[in-house]
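Tertiary structure, described
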Amino acid sequence: MSIPARLLFLAIVVTNVAALPPNNTITLSGSAPPTVTISTSVPSPTAPLGATLPSQAALPPTQAWCPSQIFCAGALLQTLNIAQPFGDSKTIVDKPTSGTANKTLADFNVIAANGLAAITEGSVVQFLQNDFKGEGLELEALSLPNFKPSPPFLNNVTNPLLKAWTQTVHGFWTQLIRGTNSSTLCTGGECESTLIPLNHTFVVPGGRFREQYYWDSYFIIEGLLKSELFDIANLTLQNFMDELENFGFIPNGGRIYYLNRSQPPLFIHMLFNYVTASKDTSILARALPLAEVELQWWLDKRSFNITSPYTNLTHTVAHYSVDINSAPRPESYLADYQTVHGAGAGDVVPNFTDDEAAAVYAELASGAETGWDYSSRWVKDHTLGNNTFNLPMLRTLNVRNTTPVDLNSILYNARISIAELYDIGASSTGHGHNAKADAAAAPSNASTRAAFHRTVAATLKTAILDLFWDPAKLAFYDFNRTSNARNDDIYTAATFYPFWNGIIPEEVLTSADKAFGAFAGVNMVLHKYNGTMPVSFFPTGLQWDFPNSWPPHIYIILQALNALPHNVTSHALPQPLAYQTTFDLVPPGQLGIEESQLPQQTVEGGTAFPVGTDVNSIGTTTVVNGGNATKHEGWAATLQREMSNRYITSAFCNWHATGGSLPNLLPRLPDSQLNITAATNLTGIMFEKFSVLDVDAAGVGGEYTVQAGFGWTNGVVLWVAGEFGKILNTPACPTLVATGTGIV
């Protein structure tokens, strides 16, 4: 019985989780740093060491925003990537040099003395071993002195098994806490590194993501607040404020190669949630002026005016656009290079001009700025290629001409939240424990600034409802400047962002039927698939598409449901007629595809259920792994119960399928099953994404193998446990069986 391709992701990722020790080696008291072994990669190219490197395309332009001759676009970085010494390009640019930049460049010039075409794989391996240190060594594990082994929110989890497991997940903070290791920093020119040193403690996502990231941190902070690690949430925000002071914006992540782009602008959301939970208003003295910097950057650098074809009104809206990038991203150099120049035999590549190649590179960087890198949502033609080879699709990226509904919804709520923070700062003056700090948090023009931001928010709300909302299909869609119309043939999880951010169309506010219609796709997924909500219904092989489900989206959907008023959510969940399925409850055209075009849920052996089957329905009250219905439960509460249970099921079953166990509550799976997931030496993994087809399988696709850790997964688990703990049931995890197509 061979291990299917999907399981190879689990086998490969083991090298990425070496930093995660067994649970019993973690000191949960927080009194000492955890025992974290940072495993560094050894060069191992697939070609023979004596082989010369494949021929190279001409070098891209030098990038003014990234001037390093070692870690930015140039002969050295391109050559190392062409050699493919590691499975991930990010490994190269996360390795500090072991000597000065001049020595490193001189040593490279030695191996390139006879021309780049004469360089051998062996000389690249030797160069890497001699001139570079291990990736990630600039950071160090830290202790959590304020860690509480049993924070109060655990009392909300009534299921004994899930309470113990949630406490275990809470303990994972001790494995992901990091700080800058000053003793290994490249100072004084003795070496060169891509790390942006941070002054304060932070949580890393995990795996290849070994530094602080922007939008990941929102969901991490949601978990930290449940864990009452207010100090770490504060320090995370302080790091972002340092970056706003130093760079004028918050970069994608904590490396110099991220300085050309940001990510979904959730700083003000984080700040608002932190102040609300901690009651710490003293942070506002520093934070509010820098929040203004953040908003101004998005207005100056990422906004434009557009005239609506629906109302003829002109609006100022934002998009993701990294125009300053005209070369492969350093951390994904080989993938970007192959997108433009081809991936070998069988890959038919357009003959791009220099300007066209630069435009593709700008699109790739812009896609990374979205946080959804990559998705059918961003391309001109999602039918190109297939789910195992999607470079043809990526060559049609159209991110900069796509006006994203989620980005503009986030910016709307940022305006609303900063206005409320000005009000909070003003109302706290003289009432807090530090009157001087309280006074500083309430500038003299606080009321004026609050009114200004509310006015801007109201204007942006009008734009969002005009450009993105389809009142017939009852969904929000991106607006495409290329077609001058909504992308209403691509239904994605972005449709829920406006609801989460407080934008609820009038149709939804005044009609229970239409309110349900806006969320009917969620109901359909819960009945037709084993897992949670996919990003889209297109199985492109891109990681922000089917079958992947991401923790941030589950959080956002649950919050979106919570934002609906009671008068439109109190009636029972609608049921299809006897000859119908839950697809028939979805407003016509909303999904952009017919029921027969939906990807199908499979059973053991890989057999697909018949089209038009609600495979997970249990009567009319719940779904498999959806928890137990309660009396007089409204439809929104039903979807929240089912979705929260499904999310916990996915995270829990993946963890159990990779060696997780709980003393006296949950035995470890036998090695005969753990062999299937290559997990005999593991003790439970929290993955970054999940499969909607298998609750015990991680997500697939993308430029890198599925990652473990994982910051936002843990954060959303803790948030869900804190909010919905009383209605969570023991997950029913399927038995692991290796098939030709995956785990069932």
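See the structure shown above.
This report concerns the structure included in the present document. (Residues numbered from 1 in each chain as written. Predicted model: local features only at pLDDT ≥ 70, side-chain atom pairs only at ≥ 80, totals over all residues. Heavy atoms only, no water.)

Details of the sheet that holds strand E1 (residues 139–141)
Pairing between the strands of a sheet comes from backbone hydrogen bonds, and it takes one of two forms, parallel or antiparallel. One open sheet holds the 3 strands; their spatial order is E1-E2-E3, and the pairing between them is antiparallel. A single partner strand is all that each edge strand has here, and the edge strands are E1 and strand E3 (202–203). Of the pairings in the sheet, the one linking E1 to strand E2 (residues 177–180) comprises 3 bridges and is antiparallel in character. Opposite alanine 141, over in E2, you have arginine 178 as the bridge partner. (Pairing = 2+ DSSP bridges. Helix = DSSP H or I, 4+ residues; strand = E, 2+ residues; numbered from the N terminus.)

Considering the state of the cysteines
Tallied over the entire structure, the rule returns 3 disulfides. A sulfur-sulfur separation of 1.8 Å characterises the disulfide bridge that pairs cysteine 66 with cysteine 72. What sets the handedness of the cysteine 66 and cysteine 72 disulfide is the S-S torsion sign, and at about -65° it is left-handed. Judged on exposure class, the residue cysteine 66 and its partner cysteine 72 are both buried. Two residues, cysteine 186 and cysteine 191, share a disulfide whose sulfurs are 2.0 Å apart. Taking the sign of the torsion about the S-S bond as the criterion, the disulfide between cysteine 186 and cysteine 191, at about -115°, is left-handed. In this structure cysteine 186 comes out as partly exposed when scored by relative accessible area, which is 24%. Taken N- to C-terminal, the disulfide-bonded cysteines of the chain are connected 1-2, 3-4, 5-6. (Disulfide = S-S within 2.5 Å. Buried < 20%, exposed > 50% of the residue type's maximum accessible area, 1.4 Å probe, protein only.)

Topic: empty space enclosed by the protein
Gaps left between atoms are located by rolling a probe of water-molecule size over the structure's atoms. Overall, the coordinates contain 5 cavities of 30 Å³ or more when judged by the stated rule. Of the volumes computed, that of the second largest cavity is approximately 120 Å³. In this structure, the second largest cavity is lined by 13 residues; those nearest its centre are Lys528, Pro599, Gln600, Pro610 and Thr613. (1 Å grid on protein atoms, 1.4 Å probe; cavity = no way out; pocket = protein on both sides within 12 Å on 5 of 7 lines; lining within 4 Å. Points joined across faces, edges and corners; volume = space filled by probe spheres on them.)

Remarks on the nonpolar core
Soluble, globular proteins show a tendency: their nonpolar side chains are buried together. Ranked by internal contacts, the top residues of the largest apolar core, which has 209 residues, are Trp165, Phe267, Phe499, Phe519, Met533, Phe537 and Trp635. Ranked by residues supplied to this core, first place goes to helix H23 (residues 635–657) with 11 residues. Those residues in contact with phenylalanine 537 that lie beyond four places of it in its chain are Tyr491, Met524, Val525, Tyr529, Phe546, Leu591, Ile593, Leu598 and Pro599. (Core = buried A, V, L, I, M, F, W, Y, C linked by side-chain atoms within 4.5 Å. Contact = heavy atoms within 4.5 Å.)

Things to note about the layout of surface pockets
The computed volume of the second largest pocket comes to approximately 490 Å³. Contributing to the lining of the second largest pocket are 24 residues, with Tyr218, Asn273, Trp500, Tyr555 and Gln559 lying nearest its centre. Breaking the lining of the second largest pocket down by element, the ones donating at least two residues are helix H8 (214–226), helix H10 (267–278), helix H15 (405–428), helix H18 (497–500), helix H22 (551–563) and helix H25 (711–724). No other element matches the 5 residues that H22 contributes to the lining of the second largest pocket.

Examining unusual backbone geometry
A cis amide bond links aspartate 373 with the next residue in sequence, tyrosine 374, at an omega value of 5°. Following the sequence through the fold, tyrosine 374 ends up in the loop between helix H13 (354–369) and helix H14 (391–394). With an omega of 10°, the peptide bond running from phenylalanine 546 to proline 547 counts as cis. You will see that asparagine 625, though not glycine, has its phi angle at about 55°, which is positive. Within the element layout of this structure, asparagine 625 appears in the loop between strand E13 (622–623) and H23. Positive phi outside glycine occurs at asparagine 664, with the angle close to 70°. Here asparagine 664 is to be found in the loop between H23 and helix H24 (671–674).

Let's talk about the packing of helix H12 (residues 333–341) against H13
H13 packs onto H12 with a crossing angle of 140° between their chain directions and a minimal axis gap of 10 Å. With respect to H13, the axis of H12 lies oblique. Where H12 crosses over H13, the two elements pack in a sense that is right-handed. Of the residues in H13, those touching H12 at Asp336, Tyr337, Thr339, Val340 and His341 are Ala357, Val360, Tyr361 and Leu364. Residue classes in the contact of H12 with H13 are distributed as 6 nonpolar, 2 polar and 1 charged. (Axes fitted to C-alpha atoms, helices over the stretch in contact; angles between N-to-C directions. Parallel < 35°, antiparallel > 145°, perpendicular 65-115°, else oblique. Left-handed = near helix turned anticlockwise from the far one by under 90°. Nonpolar A, V, L, I, M, F, W, Y, C, P; charged D, E, K, R; others polar.)

Some points on the side chain of asparagine 625
Among the residues examined, asparagine 625 registers a relative accessible area of 14% and is labelled buried. Here the side chain of asparagine 625 touches alanine 732 through a polar contact of 2.8 Å, landing on its backbone nitrogen. If sequence neighbours within four positions are ignored, asparagine 625 has contacts with Glu642, Asn645, Arg646, Thr649, Pro731 and Ala732. (Polar contact = N/O pair within 3.5 Å; in protein donor to acceptor, adjacent residues only side chain to side chain.)

Comments concerning the environment of glutamate 595
By secondary structure assignment, the location of glutamate 595 is in the loop between H22 and strand E12 (617–618). A relative accessible area of 16% places glutamate 595 in the buried class. Sequence-wise, glutamate 595 and threonine 120 are 475 residues apart; in three dimensions their C-alpha atoms are separated by 53 Å. When near neighbours in sequence (up to four residues on either side) are disregarded, glutamate 595 contacts Lys528, Thr581, Phe583, Val611 and Gly612. At 2.8 Å, the side chain of glutamate 595 forms a polar contact with the side chain of lysine 528.

Side note on the pattern of salt bridges
All told, the structure shown has 29 salt bridges when counted by the stated rule. Between aspartate 88 and arginine 208 there is a salt bridge, with the nearest N and O atoms lying 2.6 Å from each other. One end of the pair, aspartate 88, is in the loop between helix H2 (75–83) and helix H3 (89–93); the other, arginine 208, is in the loop between E3 and H8, and 120 residues separate them in sequence. Pair check on accessibility: aspartate 88 and arginine 208 agree, each one buried. (Salt bridge = Lys/Arg side-chain N within 4 Å of Asp/Glu carboxyl O.)

Focus on the packing of helix H4 (residues 101–111) against helix H5 (residues 121–131)
Interhelical geometry of H4 versus H5 gives an angle of 165° and a closest axis separation of 11 Å. Between H4 and H5, the crossing angle belongs to the class labelled roughly antiparallel. Where H4 crosses over H5, the handedness of that crossing is right-handed. For the pair formed by H4 and H5, the contact residues are Lys103, Thr104, Asp107, Phe108 and Ile111 on the first element and Ser123, Phe127 and Asp131 on the second. Looking at the contact of H4 with H5 residue by residue, the class counts come to 3 nonpolar, 2 polar and 3 charged.

A few points about H22
Between its first and last C-alpha atoms H22 spans 19 Å; for 13 residues at 1.5 Å apiece the expected length is 18 Å, and the two agree. A large share of H22 lies buried, amounting to 11 of its 13 residues. Residues of H22 that are buried: Pro551, Pro552, His553, Ile554, Tyr555, Ile556, Ile557, Leu558, Gln559, Ala560 and Leu561. (Expected span 1.5 Å × (residues − 1).)

Digging into the pairing of E2
Residue alternation in E2 divides its side chains into two sets, Ile177 and Gly179 and Arg178 and Thr180, and both sets are buried. For E2 and E3, the ladder comprises 2 bridges, and the chain directions are antiparallel. Bridge pairing links isoleucine 177 to valine 203 in E3.

Re the sheet that holds strand E6 (residues 402–403)
Reading across from one edge, E6-E9-E10 is the order of the 3 strands in this open sheet, with antiparallel pairing throughout. Looking along the sheet, the strands with just one partner apiece sit at the ends: E6 and strand E10 (485–486).

Side note on the environment of asparagine 159
Along the chain, the position of asparagine 159 falls in the loop between E1 and helix H6 (160–171). Distance in space between the C-alpha atoms of asparagine 159 and threonine 730 is 7.0 Å, their sequence separation being 571 residues. Sequence-distant contacts of asparagine 159, defined by excluding residues within four places in its chain, comprise Leu728, Asn729 and Thr730. A polar contact of 3.0 Å, which involves the side chain of asparagine 159, links it to the backbone nitrogen of leucine 161. In terms of polar contacts, asparagine 159 uses its side chain to reach the side chain of threonine 730, at 2.9 Å.

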